[in-house]
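# Structure at a glance
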Amino acid sequence: MLLKYHPQTVKAAISLGSNLGNCQATLAGALTALEQTSGITIQTQSSWYQTKAIGPTQPDYLNGCATLLVEISPQALLENLLTIEQQFGRVRQEHWGPRTLDLDLLLYDDLILHEPNLQIPHPRMAERAFVLVPLAEIAPNWRDPISKRIIQDLLLEVDTCDVHLL
Ligand SMILES: Nc1ncnc2c1ncn2[C@@H]1O[C@H](COP(=O)(O)OP(=O)(O)OP(=O)(O)O)[C@@H](O)[C@H]1O
Ligand SMILES: Nc1nc2c(c(=O)[nH]1)N=C(CO)CN2
């Protein structure tokens, strides 16, 4: 019997954010760009949330999360995210400053990775309501491989008053 070779498929989670330009169009465009990338399939996308900016004074953000099925490495996934950020006009200026598009890699299966250009889970994920609210909507039982706590439990520890369903 001939068995077709399937590269391993792994589940990953990303966050999306935008606070410059037409944010809703940018986030929808970023998901379309991801879906058109070889080795990436969007599994679930969250609702969009209007969130108060953390960091320097700047406009509110539109934030959301998506789970992906990926057949590419974490580094290749990050490269694709950075390329899509560039396509949407992302200019790196101020630390935590305003941006047309921010794509962060949150989780990659149960992997823990500490490389100079890539940390997984995303190191600030567990303190950010703008990440945990949308992530809990689509992946409440995903376990953070470091704290061993599930997303809906991490969400109980943060203040969600500045995160509003669009
Ligand atoms: N899990 C990750 N997801 C995305 N980028 C990461 C991750 N871990 C490390 N990085 C590195 O962070 C670099 C800078 O990212 P970026 O400018 O988007 O940070 P930021 O969005 O301003 O802040 P934050 O990382 O707190 O969200 C990226 O070029 C990438 O190499
Ligand atoms: N509400 C909100 N604040 C932020 C965001 C974001 O996506 N949403 N991203 C930041 C840098 O990654 C800094 N501050």
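Residues numbered from 1 in each chain as written. Chains lettered and ligands numbered in written order. Predicted model: local features only at pLDDT ≥ 70, side-chain atom pairs only at ≥ 80, totals over all residues. Heavy atoms only, no water.

Under an unreviewed UniProt entry, the name given to the protein is 2-amino-4-hydroxy-6-hydroxymethyldihydropteridine diphosphokinase, and the source organism is Cuspidothrix issatschenkoi CHARLIE-1. Per UniProt, the protein has the following entry under Pathway (unreviewed entry): "Cofactor biosynthesis; tetrahydrofolate biosynthesis; 2-amino-4-hydroxy-6-hydroxymethyl-7,8-dihydropteridine diphosphate from 7,8-dihydroneopterin triphosphate: step 4/4." For the protein, the Catalytic activity (unreviewed entry) comment in UniProt is given as "6-hydroxymethyl-7,8-dihydropterin + ATP = (7,8-dihydropterin-6-yl)methyl diphosphate + AMP + H(+)". (UniProt positions renumbered as here; feature names shortened; annotations may be inferred.)

### What about the pairing of strand β1 (residues 10–18)?
Counting buried positions along β1 gives 8 out of 9 residues, so the element sits mostly inside the fold. Bridge count between β1 and strand β4 (residues 61–70): 9 bridges; the pairing is antiparallel. Along β4, the bridge assignment pairs Gly 17 with Asn 63. Pairing of β1 with strand β5 (residues 102–108), which is carried by 6 bridges, proceeds in the antiparallel orientation. Bridge pairing in β5 links Gly 17 to Asp 102. (Buried < 20%, exposed > 50% of the residue type's maximum accessible area, 1.4 Å probe, protein only. Helix = DSSP H or I, 4+ residues; strand = E, 2+ residues; numbered from the N terminus. Pairing = 2+ DSSP bridges.)

### Let's talk about unusual backbone geometry
Backbone torsion omega between Ile 120 and Pro 121 reads -5°, so that peptide bond is classified as cis. Within the secondary structure, Pro 121 is located in the loop between β7 (118–120) and α3 (129–138). In this model, Asp 109 sits at a positive phi of 50°, which is unusual for a non-glycine residue. Within the secondary structure, Asp 109 is located in the loop between β5 and β6 (113–115). In this structure, Lys 148 is a non-glycine residue whose phi angle is positive, near 65°. If you trace the backbone, Lys 148 turns up in the loop between α3 and α4 (151–155).

### Focus on the site of ligand 2
As a matter of local geometry, ligand 2 sits amid Thr 51, Lys 52, Ala 53, Ile 54, Tyr 61, Asn 63, Trp 96, Arg 99, Asp 102 and Phe 130. Lys 52 places a polar main-chain atom, nitrogen or oxygen, 2.8 Å from a nitrogen atom of ligand 2. Computed on the free molecule, ligand 2 has an accessible area of 330 Å², of which 97% lies beneath the protein chains in the complex. Residue classes in the shell around ligand 2 are distributed as 5 nonpolar, 2 polar and 3 charged. (Near = heavy atom within 4 Å. Polar contact = N/O pair within 3.5 Å; in protein donor to acceptor, adjacent residues only side chain to side chain. Areas by Shrake-Rupley, 256 points an atom, 1.4 Å probe, with all protein chains shown as cover. Nonpolar A, V, L, I, M, F, W, Y, C, P; charged D, E, K, R; others polar.)

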